[in-house]
Amino acid sequence: MKIITIVGARPQFVKAAMVSKAIQSKANLNEVLVHTGQHYDDYMSKQFFHDLEIRTPDYNLAVGSASHPKQTSKILETLEPILTKEKPDWVIVFGDTNSTLAGALAASQMNIPIAHVEAGLRSYNRSMPEERNRVIADHLASVLFAPTLEAVNNLKREGIEGENVQLVGDVMYDAVLFYSAKSDNRMDVLRRLSLSSSNYLLATVHRAENTDNLEKLSGIFEGLIKISKIMPVVIPLHPRTRKALQNADLLEMVENNLVVISPVGYLEMVILTKNAHAVATDSGGLQKEAYFFQKLCLTLREETEWVELIELGVNTLVGSDSTMIFNAFNSPGQEIQVKQGIYGDGDSAAKIVKHLLKYSS
Ligand code: UD1
């Protein structure tokens, strides 16, 4: 059975690393790896392939940055000849990026069954490109691998249920378990940045809804700067956010107060998360990684797809209001215990592959 795996952005490299390992362990599965090139800078792409030990992609579409419609259509167009040539039995797409959307559309238009990994997540905020992308991918997919019970229920509400929805757990949990020990030889990142364990806040900001809205962008950074008076704040700065801060004339002030660094690879990010006092982020993946490493998370958004974390009280939605951000950071912390099973048992990738094998003739 031939599977085409489509990746393009950082979180997909992490998810695909685990699924590809599981595919490679089966002699009767043949995987063709396609990188759309949505993320292309060495520190956004190559470093992840290196850290996660993912083989060189069979195809790199090198689409680069562009508006959502242009990026999506470029991927669609360049995928067609590859799908025609390779004739896969399945296409696997991950998450909610433009690469997910374009991969799903291309496969669907060519009548190739789609497996969607991380299906069923909803923020119920259609102004987010990610929400639109994941809804469409879910509705085009033949098999939907849901990470949580909440995701299964979301799909049910949209009329998607039955054998084609599989609750397998979260492949990002598999990844944390697999790579955590491997990250230990990257501990020097803390020394390099003069950070001491449990005594800094790790922050990331990259969502368009935050970077492209000046009020939100300044509110978030004002909040982080307030925190930096109490504890160092380290922020691996996404290129989109750097540009937005530059355009708003805020970059210098941010650099004067926070420990601003370039985006880091997966293993250094694991070290920075594992050793942080707490995390503040608008990323979906990092909210869970914080939890896996028992860190309190301030989510710099109005809503989250990972509602279980809110219910557990380990994640607080603070939006972009500087006072809310600071107060949530300053409120007494609690001991975080990882509750067994809510994100699976660390064998999600194996479950995905086992299920796909049921379709092999
Ligand atoms: C994308 C995903 C988002 C995911 C994120 C992970 C979509 C709609 N969004 O957002 O869901 O959480 O990846 O990081 O697909 N850029 C560079 N170098 C790069 C990549 C991007 O400089 O290697 C800059 C470009 O100016 C680009 C901007 O960052 O315009 C945004 O990049 P893009 O890939 O379109 O979206 P992300 O914000 O990274």
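Read on for a plain summary of the structure.

### What about the site of the ligand?
The local shell around the ligand holds 21 residues, among which Gln38, His39, Asp41, Glu130 and Lys243 are the closest. With respect to the ligand, the side chain of histidine 206 contributes an N or O atom lying 2.9 Å from an oxygen atom. For the ligand, whose accessible area on its own is 740 Å², the fraction buried by protein is 91%. The element best represented in the shell around the ligand is helix H11 (residues 239-247), accounting for 3 residues.

### Focus: the pairing of strand E4 (residues 90-94)
The element E4 is largely enclosed, with a buried count of 5 among its 5 residues. Of the two faces of E4, the one holding Trp90, Ile92 and Phe94 and the one holding Val91 and Val93 are both buried throughout. Taken together, the 4 bridges between strand E1 (residues 2-7) and E4 define a ladder with parallel strand orientation. Residue pairing for E4: isoleucine 3 is matched across the bridge by tryptophan 90. Two strands pair when backbone bridges link them, and E4 and strand E5 (residues 114-117) are joined in this way by 4 bridges, in the parallel orientation. Opposite isoleucine 92, over in E5, you have alanine 115 as the bridge partner. Tracing the backbone out of E4, into helix H4 (residues 98-109) and back to the parallel element E5 gives a crossover that is right-handed.

### Some thoughts on helix H5 (residues 129-140)
Each α-helix winds once per 3.6 residues, and so residues spaced three or four apart point in a common direction. With 12 residues, H5 should cover 16 Å at 1.5 Å per step; its first-to-last C-alpha distance of 17 Å lies within 8% of that length. Taken together, the buried positions of H5 are Pro129, Glu130, Glu131, Asn133, Arg134, Val135, Ala137 and Asp138. If you follow the buried residues of H5, they end up packed against helix H3 (68-86), H4, E5, strand E6 (143-146) and helix H6 (149-157).

### Comments concerning the pairing of strand E12 (residues 296-299)
In E12, alternate side chains face the same way, and those of Leu296 and Leu298 on one face and Cys297 and Thr299 on the other are all buried. Sheet topology note: the strand E11 (residues 278-281)/E12 ladder contains 4 bridges and is parallel. Across the sheet, valine 279 pairs through a bridge with cysteine 297, a residue of E12. Each parallel crossover has a hand, and for E11 linked through helix H14 (residues 284-292) to E12 it is right-handed.

### Quick look at the sheet that holds strand E13 (residues 315-317)
In space, the 6 strands of this open sheet follow the order E10-E9-E8-E11-E12-E13, with parallel pairing throughout. A strand with exactly one partner marks an edge of an open sheet, and here the two such strands are strand E10 (259-261) and E13. Averaged over all pairs of adjacent strands, the angle between their axes in this sheet comes to 20°, without regard to strand direction. Its contacts with the sheet put helix H10 (residues 214-228) on strand E8 (201-204), strand E9 (233-236) and E11, and the angle it makes with E9 is roughly 140°. Contacts from H14 reach E8, E11, E12 and E13 within the one sheet, and its direction differs from that of E11 by about 170°.

### A closer look at the pattern of salt bridges
Applying the stated criterion to the full structure yields 25 salt bridges. In this structure, the salt-bridge partner of arginine 207 is glutamate 130, at a minimum N-O distance of 3.1 Å. Here arginine 207 is found in the loop between E8 and helix H9 (208-211), whereas its partner glutamate 130 is found in helix H5, with 77 residues between them in sequence. Residue arginine 207 shares its accessibility class with glutamate 130, and that shared class is buried. For the salt bridge of arginine 301 with glutamate 209, the shortest nitrogen-to-oxygen distance reads 3.7 Å. Of the two residues, arginine 301 is situated in the loop between E12 and helix H15 (307-311) and glutamate 209 in helix H9; the sequence distance between them amounts to 92 residues.

### A few points about the packing of H10 against helix H16 (residues 322-330)
It is the contact of H10 with H16, at a shortest axis distance of 7 Å, that shows an interaxial angle of 35°. Relative to H16, H10 is oriented so that their crossing is right-handed. Counted together, Gly219, Ile220, Glu222, Gly223, Lys226 and Ile227 of H10 and Ser322, Thr323, Ile325, Phe326 and Phe329 of H16 form the full contact between these two elements. Its residues assigned to classes, the contact of H10 with H16 shows 5 nonpolar, 4 polar and 2 charged.

### Digging into the environment of lysine 70
By the secondary structure assignment, lysine 70 is in helix H3. With a relative accessible area of 55%, lysine 70 lands in the exposed category. The sequence separation of lysine 70 and leucine 83 amounts to 13 residues, and the corresponding C-alpha distance is 20 Å.

### Brief notes about the side chain of glutamate 305
Note on placement: glutamate 305 falls in the loop between E12 and H15. A residue is classified by how much of its surface remains accessible, and glutamate 305, at 4% relative accessible area, is buried. At 3.2 Å, the side chain of glutamate 305 forms a polar contact with the side chain of arginine 134. A polar side-chain atom of glutamate 305 sits 2.9 Å from a polar atom in the side chain of arginine 301. Beyond its immediate sequence surroundings of up to four residues, glutamate 305 is in contact with Leu121, Arg122, Ser123, Met128 and Arg134.

### Examining unusual backbone geometry
Here the phi dihedral of asparagine 111 falls at roughly 60°; this positive angle occurs in a residue that is not glycine. The topology assignment puts asparagine 111 in the loop between H4 and E5. Of note in the backbone geometry, tyrosine 124 takes a positive phi value of approximately 60° without being a glycine. By the secondary structure assignment, tyrosine 124 is in the loop between E5 and H5.

Calculation criteria
Residues numbered from 1 in each chain as written. Predicted model: local features only at pLDDT ≥ 70, side-chain atom pairs only at ≥ 80, totals over all residues. Heavy atoms only, no water. Near = heavy atom within 4 Å. Polar contact = N/O pair within 3.5 Å; in protein donor to acceptor, adjacent residues only side chain to side chain. Areas by Shrake-Rupley, 256 points an atom, 1.4 Å probe, with all protein chains shown as cover. Helix = DSSP H or I, 4+ residues; strand = E, 2+ residues; numbered from the N terminus. Buried < 20%, exposed > 50% of the residue type's maximum accessible area, 1.4 Å probe, protein only. Pairing = 2+ DSSP bridges. Right-handed = clockwise from strand over helix to strand, strands pointing away. Expected span 1.5 Å × (residues − 1). Contact = heavy atoms within 4.5 Å. Axes fitted to C-alpha atoms, helices over the stretch in contact; angles between N-to-C directions. Salt bridge = Lys/Arg side-chain N within 4 Å of Asp/Glu carboxyl O. Left-handed = near helix turned anticlockwise from the far one by under 90°. Nonpolar A, V, L, I, M, F, W, Y, C, P; charged D, E, K, R; others polar.

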